[in-house]
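Observations on the model geometry
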Amino acid sequence: MKPFQGFQKNMRFTPLPNVFFSRLLPEIDDLPELKVLLHIFRSIYQKKGYPKYVVDAELLGDKGLISGVGGADELRRGLVKAVERGVLIKLSVERDGSPLELYFLNSDADREACAKIERGEIEVGVLPRVEAFEDNEETPNIFELYERNIGMLTPMIGEELKEAEHLYPSDWIEEAFREAVSRNKRSWKYIEAILKRWSSEGKGHGEPGRNSKQDPDRYVKGKYGHIVKR
């Protein structure tokens, strides 16, 4: 077994309700069920929009989860037990003629959402693209990028970084830091301006190197110039 290297500073967290520890954890004696539940809590917390759920194919496409619980059959068994225990709600739907199983947390809001879906009052929305989830711990998060490239974090900047992490894809954030460093514009406001521009105008308008030789100060002169420090 490879030793765990320890927790890093500014790492991400997934919240769990207190009742999970006081009521559920003492009762759950099945390891696949516990692992599946923890994975679903994390996955749902990271999702955006309404309603929030996971699709069975998402779970079955996750190689790390499959390996961790001991196979696809164990994963399905863990899901069944979590539904029977009342922690999850399973809702069967059809999309393009194919059956899908959606899993919600058994909360007041999600019970109401399931009822509305079954009555046809709301849609399940755009189903997530099914692909294996890769959690690469070697990829620096936004806090590490800031400390490596700009300097020491302050509580105020930390809150801004946390908000940006929820608003923009991680690859955008890393690329924006890279562009700012390449132009020696080591300022969070400069990086934030890049991200805002990509979000409002399309990333193709702000890709590193595109039109950069023509106007290296385009972010200073442009829409967000008033918040960019030279």
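Please refer to the structure placed before this passage.
Residues numbered from 1 in each chain as written. Predicted model: local features only at pLDDT ≥ 70, side-chain atom pairs only at ≥ 80, totals over all residues. Heavy atoms only, no water.

**Topic: the packing of helix α7 (residues 142-149) against helix α8 (residues 155-167)**
How we decide: Here an angle of 0 to 180 degrees is reported between the N-to-C directions of two axes, which are lines fitted to C-alpha atoms, with helices fitted over the stretch in contact. In this text, helices come from DSSP runs of H or I with a minimum length of four residues, and strands from runs of E with a minimum of two, each type numbered from the N-terminal end. For classification purposes, an angle smaller than 35 degrees is called roughly parallel, one larger than 145 roughly antiparallel, one from 65 to 115 roughly perpendicular, and anything else oblique. Handedness of a crossing follows from how the near helix is turned relative to the far one, being left-handed for an anticlockwise turn of less than a right angle and right-handed for a clockwise one. Here a residue-residue contact requires only that any non-hydrogen atoms of the pair lie within 4.5 Å. Classification used: nonpolar for Ala, Val, Leu, Ile, Met, Phe, Trp, Tyr, Cys and Pro, charged for Asp, Glu, Lys and Arg, polar for all others including Gly.
Viewed as axis vectors pointing N to C, α7 and α8 meet at an angle of 130°, and their least axial separation amounts to 9 Å. Comparing the axis directions of α7 and α8 gives the class oblique. When the axes of α7 and α8 are compared, the crossing they make is right-handed. On α8, the residues touching Ile 142, Phe 143 and Tyr 146 of α7 are Ile 157, Gly 158, Leu 161, Lys 162, Ala 164 and Glu 165. Residues that form the contact of α7 with α8 fall into these classes: 6 nonpolar, 1 polar and 2 charged.

**Digging into the side chain of Asp 56**
Test applied: Each residue is assigned to one of three classes by its accessible area relative to the maximum for its type, calculated with a 1.4 Å probe on protein chains only: buried under 20%, partly exposed between the two thresholds, exposed over 50%. Counting rule applied: Lys, Arg positive; Asp, Glu negative; His and chain ends not counted. We define a salt bridge as a contact between a side-chain nitrogen of Lys or Arg and a carboxyl oxygen of Asp or Glu at a distance within 4 Å.
Looking at where Asp 56 falls in the secondary structure, it is placed in helix α3 (residues 56-60). The side chain of Asp 56 sits in the buried core without any salt bridge; Arg 76 is the nearest counter-charge, 7.0 Å away. Not counting residues up to four positions away in its chain, the partners in contact with Asp 56 are Leu 100, Glu 101 and Tyr 103.

**Topic: the pattern of salt bridges**
Any two side chains of opposite charge can pair, on the condition that their charged atoms come close. The full count for this structure, using the stated rule, is 17 salt bridges. One salt bridge connects Glu 121 with Arg 119, and the closest N-O pair in it is separated by 2.6 Å. For Glu 121, a relative accessible area of 48% corresponds to the partly exposed category. A salt bridge links Glu 174 to Arg 178; the nearest nitrogen and oxygen atoms lie 3.8 Å apart. With Glu 174 and Arg 178 both in helix α9 (residues 170-182) and 4 residues apart, this pair spans about one turn of that helix. A single salt-bridge network, built from bridges that share partners, covers Glu 160, Lys 189, Glu 192 and Lys 196.

**A word on the environment of Lys 9**
For Lys 9, the position within the fold is in the segment before α1 (18-27). Given the relative accessible area of 58%, Lys 9 is considered exposed. Residues Lys 9 and Phe 143, 134 residues apart in the sequence, show an inter-C-alpha distance of 8.7 Å.

**Regarding the environment of Tyr 190**
Here Tyr 190 lies in helix α10 (residues 188-201). Owing to a relative accessible area of 0%, Tyr 190 belongs among the buried residues under this scheme. Placed 13 residues apart in sequence, Tyr 190 and Phe 177 show a C-alpha to C-alpha distance of 9.1 Å.

**Remarks on the pairing of strand β3 (residues 98-105)**
Rules: Two strands qualify as a pair provided DSSP detects at least 2 bridges between them.
Relative to β3, strand β1 (residues 54-55) runs antiparallel, the two being bridged by 2 bridges. Bridge assignment links Val 55 to a residue of β3, and that residue is Leu 102. Of the strand pairs in this sheet, strand β2 (residues 88-95) and β3 are connected by 8 bridges, and their pairing is antiparallel. Following the sheet pairing, Arg 95 is matched in β3 by Ser 98. The antiparallel hairpin formed by β2 and β3 contains 2 residues in its connecting segment, where Asp 96 sits at a positive phi of about 55°.

**Thoughts on α7**
Most of α7 is tucked away, with 6 of its 8 residues classed as buried. On the buried face of α7, the contacting elements are α8, α9 and α10.

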